[in-house]
Amino acid sequence: MKVCDQGRIGRAFIKCRSITNNPTFCLLLLLFIYILNQADRQVLPVLIPAGLRCRNTSDYRGQPGCACITFTNLQQGLLTGPAFVLTYTLAGVPLSWLADRGSRRYLLAGGVAVWSAMVLLSASATDFSSLLVARMGLGISEASCNPVAYVLLSELFSPKSRATVFGVYHLGIYLGSAISYTLGGLTRDLCWREVFRLLAFAGFTCVPAVLLWVPQPTRKQPVNTNNSTDTTPINHNTRQLFISAPYMTLCLAASVQNLAGYAIGAWLPTFYSREHHLTPAQFGTVVGGTLLVGGCVGSILGGAFADRLSRHYSWYKAYFLAGSQLTGVPFLVFTLTAEDTGTSFLHLTFTFLCTSMWIPPATALAQDLFPADMRARASAVFIAVSTILGGIIGPTLVGFLITDGSNTAPPTSGHGVRHALLTVLPLCYISSSCLIITTGVFLKWQTDRKETLHLGKHLLAATPTCSA
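Residues numbered from 1 in each chain as written. Predicted model: local features only at pLDDT ≥ 70, side-chain atom pairs only at ≥ 80, totals over all residues. Heavy atoms only, no water.

### Observations concerning the overall build of the chain
1) Next: For the chain, the helix and strand inventory stands at 18 helices and 0 strands.
2) Next: Within the chain, the proportion of its 468 residues that are buried is 49%.
3) Next: Across the chain, the fraction of contacts at a sequence separation of at least 24, relative to all contacts at a separation of at least 6, is 84%.
4) Next: Surface summary for the chain: the accessible area is close to 22000 Å², and the carbon and sulfur share equals 67%. (Helix = DSSP H or I, 4+ residues; strand = E, 2+ residues; numbered from the N terminus. Buried < 20%, exposed > 50% of the residue type's maximum accessible area, 1.4 Å probe, protein only. Contact = heavy atoms within 4.5 Å. Areas by Shrake-Rupley, 256 points an atom, 1.4 Å probe, with all protein chains shown as cover.)

### A closer look at the state of the cysteines
1) Next: In the structure shown here, the tally under the stated rule is 2 disulfides.
2) Next: Note on cysteine connectivity: Cys54 is disulfide-linked to Cys68, with sulfurs 2.2 Å apart. Residues Cys54 and Cys68 share a disulfide whose torsion about the S-S bond is about 100 degrees; that sign makes it right-handed. Placement of the pair is Cys54 in the loop between helix 2 (23-52) and helix 3 (73-80) and Cys68 in the loop between helix 2 and helix 3, with a sequence separation of 14 residues. Cys68 carries the same exposure label as Cys54, and that label is buried.
3) Next: Covalently, Cys66 is tied to Cys191 through a disulfide, its sulfur atoms 1.9 Å apart. Between Cys66 and Cys191, the S-S torsion sits near 95 degrees, and that sign places the bridge as right-handed. On the criterion of sequence distance, the pair formed by Cys66 in the loop between helix 2 and helix 3 and Cys191 in the loop between helix 9 (171-184) and helix 10 (192-213) is long-range, its members being 125 residues apart. As far as the burial class goes, Cys66 and Cys191 line up, both buried.
4) Next: If one numbers only the bonded cysteines of the chain, in the order they occur, the disulfide pattern is 1-3, 2-4. (Disulfide = S-S within 2.5 Å.)

### As for the packing of aromatic side chains
1) Next: Summed over the entire model, instances satisfying the criterion amount to 8 aromatic pairs.
2) Next: Seen from their ring centres, Tyr34 and Tyr169 are 4.5 Å apart, and the 10 degrees between their planes marks the pair as stacked. With a gap of 135 residues between them, Tyr34 in helix 2 and Tyr169 in helix 8 (residues 162-169) connect regions that are remote in the sequence. The pair Tyr34 / Tyr169 is uniform in exposure class, with both members buried.
3) Next: An aromatic cluster is present here, built from Phe271, Tyr272 and Phe345 joined pairwise through their rings.
4) Next: Between Arg41 and the ring centre of Tyr88, over which it is positioned, the NZ or CZ distance is 4.8 Å. (Phe/Tyr/Trp six-rings, centres within 6.5 Å; stacked < 30°, edge-to-face > 60°. Lys NZ or Arg CZ within 6 Å of the ring centre and 35° of its normal.)

### Looking at the packing of helix 2 against helix 10
1) Next: Packing of helix 2 against helix 10 brings their axes to within 10 Å, and their N-to-C directions diverge by 165 degrees. The pairing of helix 2 with helix 10 is recorded here as roughly antiparallel in orientation. By crossing handedness, the relation of helix 2 to helix 10 is classed as left-handed. Residues Phe25, Leu29, Phe32, Ile33, Leu36, Ala39, Asp40, Val43, Leu44, Leu47, Gly51 and Leu52 of helix 2 touch helix 10, and the partners they reach there are Trp192, Val195, Phe196, Leu199, Ala202, Gly203, Cys206, Ala209, Val210 and Trp213. (Axes fitted to C-alpha atoms, helices over the stretch in contact; angles between N-to-C directions. Parallel < 35°, antiparallel > 145°, perpendicular 65-115°, else oblique. Left-handed = near helix turned anticlockwise from the far one by under 90°.)

Spelled out as structure tokens, the structure:
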């Protein structure tokens, strides 16, 4: 009987291991971690109007241990922008190096543990300085997620399905953001500090899952060998990134687009709180739903169109990108100017649908510009440049432009946030579209030039030579 039981247990264990070693299971686990990653970073802007930032009282609803924190509009922009984005971007470079050379499993588990601790520290913050330190620590630790996930998914899946896999993985952006908005509605019954503690608990429970089930694939090539002294090609390839006109224009376009994206993420909850006088419970669930529907559908459609357009010419992706961003501008203006809240939410869904189409085509376009041995560096520089410029300037610029007559305690009504967003966001999307069109022109010119040179070499080789 014991032998039979042991045999059943052994077979069940082998079956369980076969399931957890499946690449699809790893993709789903990394997707869940990325959802949590996004929710932890996006929940602060949602909780600010939900009781975290002081209005006119020193205690939120009089609950013991749930006092609010006083800071200015500019400081709110710093918290939701540079405090996270700058540390996140700077830490991403060395953490990417560790992901290539160290244990990815331990790097990801350590990152999840540290950023969960930073979320827990945010729950106990008592002033702006302590919240700033927690936010910076969150940026450093969350930078470990994408380098590990990109390397693992690239090794676990074939190149033919890689674009689809990354499309599924990046759904975490919209799912995590939707969850953060939904959690804002919980402040009707919970203190904002309890929301932070809930997210921290979810993060700590993911640490053993990472240690048990995240694989450590065998690298196909050694990282460093005694004979690997050829550094000239590496330096030469890296230099090609910065002298490529289409690539640098694409990076600049993504930076301007991200400027608008980070500004929306940082100030949209405050906009609905001040302009439409909604409580977190009222706007949290609805905004989360619009982001979930519009963002996910837009990301999937953007990826599908990118795959279809890649069958013809690469620069078609740039034109599609520009068209999707320009289409979203009218919906964005209607979202910000609509007096009826339901109409505003309806236009917000279409805004997310149009503006979220840019991620898969832009990523694919950056890959199309370079050969295989340069694509990893091209992606790393693309993400770093677009994130650091857009994330630092966007939320801070909107906070600086808000002139509602009160800098420390936001009034119950006013149009400061609306005017600031209307000043920044449409201009960003229009400018980004113009830069993306320029990228397409550069790419077409570069492709035509290569084809002309190739045709010239072919004709020269086919020309008969006269013998003496």
